[in-house]
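Geometric and topological summary
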Amino acid sequence: QVQLVESGGGLVQPGGSLRLSCAASGSISSINVMGWYRQAPGKQRELVAYSSSGGGTGYADSVKGRFSISRDNAKTTVYLQMNSLKPEDTAVYYCNFKRFGAILVSGEYWGQGTQVTVSS
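Rules behind the numbers
- Residues numbered from 1 in each chain as written.
- Predicted model: local features only at pLDDT ≥ 70, side-chain atom pairs only at ≥ 80, totals over all residues.
- Heavy atoms only, no water.
- Helix = DSSP H or I, 4+ residues; strand = E, 2+ residues; numbered from the N terminus.
- Phe/Tyr/Trp six-rings, centres within 6.5 Å; stacked < 30°, edge-to-face > 60°.
- Buried < 20%, exposed > 50% of the residue type's maximum accessible area, 1.4 Å probe, protein only.
- Pairing = 2+ DSSP bridges.
- Polar contact = N/O pair within 3.5 Å; in protein donor to acceptor, adjacent residues only side chain to side chain.
- Contact = heavy atoms within 4.5 Å.
- Salt bridge = Lys/Arg side-chain N within 4 Å of Asp/Glu carboxyl O.

Looking at unusual backbone geometry
In this structure, Lys75 takes a positive phi of about 65 degrees despite not being glycine. If you trace the backbone, Lys75 turns up in the loop between β7 (67–71) and β8 (77–82).

Section: the packing of aromatic side chains
Per the counting criterion, the structure on display carries three aromatic pairs. Measuring from centroid to centroid gives 5.0 Å for Tyr37 and Trp110, while their planes differ by 65 degrees, and the two rings are edge-to-face. With a gap of 73 residues between them, Tyr37 in strand β4 (residues 32–39) and Trp110 in strand β10 (residues 105–110) connect regions that are remote in the sequence. Since its relative accessible area comes to 17%, Tyr37 is described here as buried. Geometrically, the ring pair formed by Phe97 and Tyr109 is tilted, given 6.4 Å between the ring centres and 50 degrees between the ring planes.

A word on the pairing of β10
When strand β9 (residues 91–100) meets β10, the two strands line up antiparallel, connected through five bridges. Pairing of Arg99 across the sheet is with Gly107, part of β10.

Some words on the side chain of Arg66
Residue placement: Arg66 occurs in the loop between β6 (57–59) and β7. Polar contacts involving the side chain of Arg66 include one to the main-chain carbonyl oxygen of Ser62, which spans 2.9 Å. Of the polar contacts made by the side chain of Arg66, one reaches the side chain of Asp89; its length is 2.7 Å. Not counting residues within four places of it along the chain, the set of residues in contact with Arg66 comprises Gln81, Met82, Asn83, Ser84, Leu85, Lys86 and Asp89.

Side note on the pairing of strand β5 (residues 46–52)
Pairing between β4 and β5: six bridges, direction antiparallel. Looking across to β5, one finds that Gly35 is bridged to Tyr50. Here β4 folds back onto β5 in antiparallel fashion, the turn holding six residues, of which Gly42 has a positive phi close to 75 degrees. When β5 meets β6, the two strands line up antiparallel, connected through three bridges. Bridge pairing links Ser51 to Thr57 in β6.

As for the pattern of salt bridges
Counted by the stated rule, this structure contains five salt bridges. Between Asp89 and Arg38 there is a salt bridge; the shortest N-O distance is 2.9 Å. With a gap of 51 residues between them, Asp89 in the loop between β8 and β9 and Arg38 in strand β4 connect regions that are remote in the sequence. We note that Asp89, like Arg38, is buried. Across the pair Asp89 and Arg66 runs a salt bridge whose closest N-O atoms are separated by 2.7 Å. Of this pair, Asp89 sits in the loop between β8 and β9 while Arg66 sits in the loop between β6 and β7; the two residues are 23 residues apart in sequence, bridging distant segments of the chain. Like Asp89, the residue Arg66 is buried in the burial classification.

Laid out in structure tokens, this is it:
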């Protein structure tokens, strides 16, 4: 199995910044996608950003230009740099790890979630 440990959430003023971290350990495959989802009260969980082991990245339209996803050199820790935060960004943020075989997902894992609150 894969264990995901998240950190970096908290309370921040509108326009401020936070950096989330997610460290993966366990049965790590070299072919994987790590990403961040978020879920606000009363809303469905949505994809915020992802980073593939092949170097691809993607972002939700609502965060493009403000958020940036990256990995460490070992490719086992993913970061989400969040700038110009808005109250609409308030949510629980979840780290996600998808492990791939040849062509199919062989496992999917979730972090415990970290609260991000943007408020004055």
